[in-house]
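Listed below are the residues making up each chain.
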Amino acid sequence: MVKAKKLMEQPAYIYVLRFDGIFSGVRSIGVKFAKGFAELANNKGNRPEVPIPLLALVATAVYAALFWKTLGSPGKFNFTGNQFSETYVFHVKFLEDLKMDAPGKFHCMMAHVYEAVQ
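This text gives an overview of the structure that appears in the document.

So, how was this worked out
Residues numbered from 1 in each chain as written. Predicted model: local features only at pLDDT ≥ 70, side-chain atom pairs only at ≥ 80, totals over all residues. Heavy atoms only, no water. Axes fitted to C-alpha atoms, helices over the stretch in contact; angles between N-to-C directions. Helix = DSSP H or I, 4+ residues; strand = E, 2+ residues; numbered from the N terminus. Parallel < 35°, antiparallel > 145°, perpendicular 65-115°, else oblique. Contact = heavy atoms within 4.5 Å. Nonpolar A, V, L, I, M, F, W, Y, C, P; charged D, E, K, R; others polar. Expected span 1.5 Å × (residues − 1). Bend = angle between axes of the 7 residues up to and from the residue. Buried < 20%, exposed > 50% of the residue type's maximum accessible area, 1.4 Å probe, protein only. Left-handed = near helix turned anticlockwise from the far one by under 90°.

## A short note on the packing of helix α5 (residues 81-101) against helix α6 (residues 103-116)
- At a minimum axis distance of 5 Å, the contact between α5 and α6 shows a crossing angle of 130°. In this view, α5 runs oblique relative to α6, as classed from their interaxial angle. Contacts between α5 and α6 involve L95, L98, K99, M100 and D101 from the former and P103, F106, M109 and M110 from the latter.
- Its residues assigned to classes, the contact of α5 with α6 shows 7 nonpolar, no polar and 2 charged.

Here it is as structure tokens:
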């Protein structure tokens, strides 16, 4: 069972961020735009965070993969914005609400995710 405290720090999310091209290699988004992540570090701990849209996209991709498995892993499966837009919006709203309700915990979680993929 996933504890709510660690919900967005799951190994599947870290794996997707690290090994599916977002933070892997010198040409990856995470490396090319590292300065942008550092700009998110305007906080007491001065620690970079993963941006909400990026983590929401990863959470949506993991959801889509699990959904695909529940369908029996059909040969053809498209990960499209239209099909999973509600899931993405749900994750964005969840993270934005967490940021408003518990900013310290939010920052800690997002910084942990960023550090885990380095």
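## Describing α5
- In a regular helix each residue adds 1.5 Å, so 21 residues correspond to 30 Å; α5 covers 28 Å between its end C-alpha atoms and thus fits that length.
- At T87, α5 is bent by approximately 30°, the largest bend along its length.
- Looking only at α5, the buried set comprises F84, T87, H91, V92 and L95.
- Those residues of α5 that are buried are in contact with α4 (52-70) and α6.

## Focus on the packing of α4 against α5
- Put simply, α4 and α5 touch, their axes get as near as 8 Å, and they point 135° apart. When the interaxial angle is binned, α4 and α5 end up oblique. Two packed elements cross with a definite hand, and for α4 against α5 that hand is right-handed. Every residue of α5 that contacts α4 at I52, P53, L55, A56, L57, A59, T60, Y63, A64 and F67 is listed here: Q83, F84, T87, Y88, H91, V92, L95, E96 and K99.

## A short note on the environment of N78
- Mapped onto the elements of the fold, N78 is located in the loop between α4 and α5.
- We classify N78 as partly exposed; its relative accessible area is 45%.
- Here the alpha-carbon distance between N78 and A64, two residues 14 residues apart in the chain, equals 9.2 Å.
- Excluding residues that lie within four positions of it along the chain, N78 makes contacts with Q83 and F84.

## Quick notes on α4
- For α4, with 19 residues, the first-to-last C-alpha span of 27 Å sits near the 27 Å given by 1.5 Å per residue.
- Burial in α4 covers these residues: I52, L54, L55, A56, V58, A59, T60, V62 and A64.
- The positive-phi residue at the C-terminal boundary of α4 is G72, with phi of around 90°.

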